[in-house]
Amino acid sequence: MGDEQDKLLPVANVGRIMKRVLPPNAKISKEAKETIQECASEFISFVTGEASDKCQKENRKTVNGDDICWALGSLGFDDYSQAIARYLHKHREFERERASAKIAASNQNNIVHESNG
Amino acid sequence: MRQAGMYSGILSGGGISGRTGPHLLPLARIKKIMKKSSVDVKMISGEAPLVFSKACELFIDELTKRSWNVTIQGKRRTLHKEDVATAIATTDVFDFLIDLVHTNTSDHVDLNEDHVL
């Protein structure tokens, strides 16, 4: 059973996402949650397969965020593709700023050590 | 200095939950599902599972909303597996899921022919 669950997203998380778009008095059957849980895994596999094919054709070994963005568009999920492109852009910006903040902080420390040394 | 809040906003914050951070879906699990999708998938960049966590949210949102539309058309308040199957059958971009749920669509296809766009 542990093995099978590894191929699925946790049903509790899936249920939480579902509740967000439903009215407060809506009920969800356990089977419906499990069905959507399975569909989500299938979605990941489907899109990953398309992204992986592209990487193979281009002789690249690593599937990255841009490949997934492209695959979403290629498979007809245009809205998702656009949203993901924006999300990726912001994420990369965030990571860059975090990285330069770290460098700046460690430079500060180096200066302090040097003056003490 | 940027606050964590800005980043969480982009993720349409499900709140901070210890193990998975500010994401609604566990990245390690997503990565496992990606790897199992095909023998050709060798390496996955760090941002790929993150991109999928967002894409899966969008996917679950859309599938849930469409399924719920079927539920209320049937004047019910509980979302059932059959509603998900109908939503899949009536949405082109979800064709890849038909085999996953098809055992339940046969009874409903006739009833819903009038509602098919």
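Residues numbered from 1 in each chain as written. Chains lettered and ligands numbered in written order. Predicted model: local features only at pLDDT ≥ 70, side-chain atom pairs only at ≥ 80, totals over all residues. Heavy atoms only, no water.

## Points about the pattern of salt bridges
Definition in use: When a carboxyl oxygen of Asp or Glu is within 4 Å of a side-chain nitrogen of Lys or Arg, the pair counts as a salt bridge. Secondary structure elements are taken from DSSP: a helix is a run of H or I of four residues or more, a strand is a run of E of two residues or more, and numbering for both begins at the N terminus. Partly exposed residues are those whose accessible area sits between 20% and 50% of the maximum for their type, while under 20% is buried and over 50% is exposed, using a 1.4 Å probe and protein chains only.
Applying the stated rule across the entire model yields eleven salt bridges over all chains. Notably, a salt bridge pairs E47(B) with R92(A), separated by 2.5 Å at the nearest N-O pair. Of this pair, E47(B) sits in helix α3 (residues 47–73) while R92(A) is found in helix α5 (residues 78–116), placing the two residues in two different chains. Note on E47(B): relative accessible area 16%, which makes it buried.

## Comments concerning the side chain of S29(A)
The condition that has to hold: Between N or O atoms, a polar contact is any pair within 3.5 Å; within protein, one atom must be a potential hydrogen donor and the other a potential acceptor, and residues adjacent in sequence are included only when both atoms are from side chains. Contacts are assigned to residue pairs with any non-hydrogen atoms lying within 4.5 Å of each other.
Checked against the element boundaries, S29(A) lands in the loop between β1 (27–28) and α3 (30–57). Within polar-contact distance, the side chain of S29(A) engages the backbone nitrogen of A32(A) at 3.0 Å. When sequence neighbours within four positions are dropped, the list of residues in contact with S29(A) reads T78(B), L79(B), H80(B) and K81(B).

## Examining the side chain of S52(A)
If you trace the backbone, S52(A) turns up in helix α3. For S52(A), a relative accessible area of 2% corresponds to the buried category. Once you skip the residues sitting within four places of it in the chain, S52(A) turns out to touch V63(A), D40(B) and V41(B).

## A short note on the interface of chain B and chain A
The line we're drawing: What gets called buried area is simply the loss in accessible area from a 1.4 Å probe that two parts show on being joined, summed for both. Any residue that is not Ala, Val, Leu, Ile, Met, Phe, Trp, Tyr, Cys, Pro, Asp, Glu, Lys or Arg is counted as polar, Gly included; the first ten are nonpolar and the last four charged.
Taken together, the contacts link 53 residues of chain B with 59 residues of chain A. Both sides of the chain B and chain A interface together cover about 5,400 Å² of buried area, and 71% of this is carbon and sulfur. Our count for the chain B to chain A interface comes out at three salt bridges. For the pair chain B and chain A, the number of links is twelve residue pairs in polar contact (both at pLDDT 80 or more). Secondary-structure elements contributing two or more residues to the side of chain B that touches chain A are α1 (4–10), α2 (27–36), β1 (43–44), α3, β2 (78–79), α4 (81–89) and α5 (98–101) of chain B. The greatest single-element share of the side of chain B that touches chain A, amounting to 19 residues, is contributed by α3(B). Residue classes in the side of chain B that touches chain A are distributed as 32 nonpolar, seven polar and 14 charged.

## Examining the packing of α3(A) against α3(B)
Here is the rule: Only the stretch in contact is used when fitting a helix axis, every axis being a line fitted to C-alpha atoms; angles between N-to-C directions are given from 0 to 180 degrees. When an angle is under 35 degrees it counts as roughly parallel; over 145 it counts as roughly antiparallel; between 65 and 115 it counts as roughly perpendicular; any other value is oblique. Each crossing gets its handedness from the near helix: less than a right angle anticlockwise from the far helix is left-handed, clockwise is right-handed.
Look at α3(A) against α3(B): their axes get within 10 Å of each other, and the N-to-C directions meet at 130 degrees. For the element pair α3(A) / α3(B), the angle class is oblique. Where α3(A) crosses over α3(B), the handedness of that crossing is right-handed. Residues I36(A), C39(A), A40(A), F43(A), I44(A), V47(A) and T48(A) of α3(A) form the contact with α3(B), whose own contacting residues are F52(B), A55(B), C56(B), F59(B), I60(B), L63(B) and T64(B).

## As for the confidence of the model for chain A
Let me state the cut-off plainly: One confidence number per residue, pLDDT, is output by the predictor and ranges from 0 to 100.
Overall, the predicted model of chain A reaches an average pLDDT of 92, with 94% of residues at or above 70. Element-level pLDDT for chain A is lowest in helix α1 (residues 2–5) of chain A, with a mean of 68, against a maximum mean of 98 in β1(A).

## Looking at the packing of aromatic side chains
Residue and element names in this part refer to chain A. Put simply, the test is: Each pair of aromatic rings taken from Phe, Tyr and Trp, with Trp reduced to its six-membered ring, is defined by centres within 6.5 Å and is described as stacked if the planes are under 30 degrees apart, edge-to-face if over 60, and tilted in the remaining cases.
Per the counting criterion, the structure on display carries nine aromatic pairs over all chains. On the basis of an interplanar angle of 85 degrees and a centroid distance of 5.3 Å, the ring pair of F43 and F77 is categorised as edge-to-face. Pair noted here: F43 is in helix α3 and F77 is in the loop between α4 (65–74) and α5, with a separation of 34 residues, a long-range link. Given the relative accessible area of 2%, F77 is considered buried.

## Digging into the state of the cysteines
Test applied: Disulfide: a pair of cysteine sulfur atoms within 2.5 Å of each other.
Overall, the coordinates contain zero disulfides over all chains when judged by the stated rule. No disulfide involves C39(A); its nearest neighbouring cysteine sulfur is the one of C56(B), lying 11 Å away.

## Considering α2(B)
Put simply, the rule reads: In this description, the arc belongs to the directions extending from the helix axis to the C-beta atoms.
Within α2(B), the full set of buried residues consists of I30(B), I33(B) and M34(B). Looking straight down α2(B), one finds that the buried residues subtend no more than 100 degrees of arc, so they occupy a single side. Packed against the buried residues of α2(B) are α3 and α4 of chain A together with β1 and α3 of chain B.

## Regarding the environment of K35(B)
All names here are of chain B. Looking at the secondary structure, you find K35 in helix α2. Judged by relative accessible area, which is 40%, K35 ranks as partly exposed. Separated by 51 residues in the primary sequence, K35 and T86 place their C-alpha atoms 30 Å from one another. Ignoring sequence-local partners within four residues, the contact set of K35 consists of V41, K42 and I44.

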